[in-house]
Every structure is written in structure tokens, then in C-alpha cells.
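What the coordinates show
Here is what each chain is made of, one letter per residue.
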Amino acid sequence: MFLRATVRKKDGKKHTYYSVVENKRLEDGRVVQRHVLYLGEINSSQQLAWRKSIEVLDEDHPQSARTIALFPEDRCEAVVGEEDVVRLRLSQLRLERPRQWGGCWLALTLYRELGLDAFWAERLLPSRKGTRWDLVLLILVVYRLLSPGSEWRLHREWYGRSALADLLDMDAVIDDHALYDCHDLLLEHKAALFDHLVSRWRDLFNVSFEVLLYDLTSTFFEIDPPLSDEDKRQHGYSRDHRPDCVQVVIALVVTPQGFPLAYEVLAGNTADNTTLKGFLGRIERQYGKAQRTWLMLCAANNYVEWVAHDTGFFGSW
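Because the structure is predicted, anything quoted here is derived from the model rather than measured. (Residues numbered from 1 in each chain as written. Predicted model: local features only at pLDDT ≥ 70, side-chain atom pairs only at ≥ 80, totals over all residues. Heavy atoms only, no water.)

Looking at the overall build of the protein chain
- Broken down by element type, the protein chain carries nine helices and eleven strands.
- A total of 317 residues make up the protein chain; the buried ones form 33% of that total.
- Residue pairs at least 24 apart in sequence account for 49% of intrachain contacts in the protein chain once pairs closer than 6 positions are excluded.
- By element, 52% of the accessible surface of the protein chain is carried by carbon and sulfur atoms, the whole surface being about 20,700 Å². (Helix = DSSP H or I, 4+ residues; strand = E, 2+ residues; numbered from the N terminus. Buried < 20%, exposed > 50% of the residue type's maximum accessible area, 1.4 Å probe, protein only. Contact = heavy atoms within 4.5 Å. Areas by Shrake-Rupley, 256 points an atom, 1.4 Å probe, with all protein chains shown as cover.)

Okay, structure coming up:
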């Protein structure tokens, strides 16, 4: 950190305004200056005091750091040297822009540990306007992990209360259109994403796939029924007890440890017992044949169906 002076002429006089700024290195190697605090016009003694304070707080030169004492301004006793005292006006202390930091930092660490930053950087290239789609997706993922909600809430409230702008060296505001448009870019990379995650599960946790758990859920839409029979939003068996609403069925395959392998969005009128064979084929094509046992809970009929895939044996109880 350092003091930056800006000189402006006003009414024929020169005025010097000071700010505290710090250098930040971006991932592409560029160094940018980030505004930390605006000081306005200060006299020479105030300028000297700020320079001493910055020397104490300078993270780039920790060897020059030293201990200082904090005293309320009205009770500052001369127990140490004047240069080692920082006077605080407690009545004027206030909290400005508190931000969620720890959760954001941990989410970014996990995201990078899974290799998702490099995976998406190769596939989601910046737009012609400079939109970093890989970082937009990263923000969406962190938001879903820490405080799931709508993209509108992310744009209007949550992003400004998080530390993502600081951690990613991004603007303090985010375009709401980019949040919605980003979803359209992901579907074509679905199979590659599953392959990548399964590889990371194996490397990190030595996950095996002898037993797979298969289940279905649904989500409904409070809208008028679609007119097209090709639309996946259809009336069907409602697990949410909303038979008046159209819905889609979501199928998910996970390991017994809870690691996801695949998902599929199906039409809302799909019967549970018609989906399993199709998923067997998809998993076999993507991950190869293996001695796997599948467990599937059929909630509508209240029984568990299991399949020994390689023998072709089906059973239920």
C-alpha cells in the first residue's frame, strides 16, 4: 500500500488530494491499483502520520512491521513513544460494507481443488464484450453452495454482501443478464463435466462404483400448462402434492458415498419404472461395463427395485 496524490486546479489554485491504494496482481499477470481509502486534502503532518501507518500495515514488507498501541483519543496516556500510538475516536467508528469472506474463500478453494476452474476456462471462453463466463459460472456455483436463491437476488443483494469481487478481482456489481445467459452455455459440456468429476472423485477419495443409487424427484411450475406435447413440463405423479401444476422429473445417480455421477431431466409425465433401463445404457456408454448393482426406490409403488446389471437379473421387494 502507498499514498497516491492527485493534483487538481480549482479557481487558479492547486489542490492535492490523497488516497490510500494498493497494488493487486491479477491471474493474467497484470498489476492493477485498488482504491482502499480516500483521504482528501491533508497537511504535511497528517501525510507523515499516514505514511508511518502504511508502513506498519504493509503486507508486502512484513519484515518492517512493528507493534503499535491503540488508545481511545480521550484516554491516551504517554506510556509509549508518540510515534507508536494510534488514537481512536470510538464515537466515530462505524462498520462499512461488511462482507461474507470465509465461506467464499473456502468455496473457491474447493472449486479449484476439483479442477473446475481450469476445466471451465478451456470451454467457456470470454465473449466479444469481455464477459468472463467461467468466472460468472464460478459466482453462480458459490452462490448455490452458500446461500441458494434466484439469480435476481444474487444480482441485487447477495453479490454485494460477499467478498467474491475482492477474491476474484472483479467489479463490485454483476450483470444480471450474464447470470441467466451463462446457463445456456453449459449443457453441451454435460458429459465432459461428468467424466471430469468422476476422475476427481477417484483421485481424491478412491471412489468405486460397484453399487449405484438411483432415484427420481420432481419440481413443479406454477404456470399455465404448455400447449406443445414436446415440452418437458407436463402433468404427472406429483411428489410435491401439486397435481394441479405441470412438472419435470429429475433423475440422479450417486455413489453410496453421495458423489453424483449423472443426472437427467425428463418429461413430467414419465413413469418411474420406465426410466431405469435407459439410465443403465447411458452409464455403460459413459463409464464402461462393470459389476454394478443398482438400487432404485419407486416411491409411487412403495418398493425398492434392484438390478444386477451384467447378469441381467432384476428383483424387487
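Considerations on the nonpolar core
- Membership of the largest hydrophobic core comes to 49 residues, with the highest contact counts inside it found for Trp120, Leu154, Leu164, Trp201 and Leu261.
- Ranked by residue count, the leading element in this core is helix H4 (residues 133–146), at nine residues.
- Other than its neighbours up to four places away in sequence, leucine 154 contacts Ile139, Leu140, Tyr143, Tyr159 and Leu179.
- Of all hydrophobic cores here, the second largest spans six residues; its members include Leu3, Tyr18, Ile42 and Ile54. (Core = buried A, V, L, I, M, F, W, Y, C linked by side-chain atoms within 4.5 Å.)

Observations concerning unusual backbone geometry
- Look at aspartate 11: it is not a glycine, yet its phi comes out positive at around 55°.
- Topologically, aspartate 11 is positioned in the loop between strand S1 (2–10) and strand S2 (13–25).
- One non-glycine residue with positive phi stands out, namely aspartate 169, at about 55°.
- Secondary-structure assignment places aspartate 169 in the loop between helix H6 (164–168) and helix H7 (176–183).

A few points about the packing of helix H3 (residues 116–123) against helix H8 (residues 190–205)
- At their nearest, the axes of H3 and H8 sit 11 Å apart, and the two run at 155° to each other. Comparing the axis directions of H3 and H8 gives the class roughly antiparallel. Here H3 runs over H8; the crossing is right-handed. In contact with Leu116, Phe119, Trp120 and Arg123 of H3, H8 contributes Ala192, Leu193, His196 and Leu197.
- Its residues assigned to classes, the contact of H3 with H8 comprises six nonpolar, one polar and one charged. (Axes fitted to C-alpha atoms, helices over the stretch in contact; angles between N-to-C directions. Parallel < 35°, antiparallel > 145°, perpendicular 65-115°, else oblique. Left-handed = near helix turned anticlockwise from the far one by under 90°. Nonpolar A, V, L, I, M, F, W, Y, C, P; charged D, E, K, R; others polar.)

Overview of the pattern of salt bridges
- Scanning the model with the defined rule gives eleven salt bridges in all.
- The partner of arginine 233 in a salt bridge is aspartate 231, and the shortest N-O contact between them spans 2.9 Å.
- A relative accessible area of 29% places arginine 233 in the partly exposed class. (Salt bridge = Lys/Arg side-chain N within 4 Å of Asp/Glu carboxyl O.)

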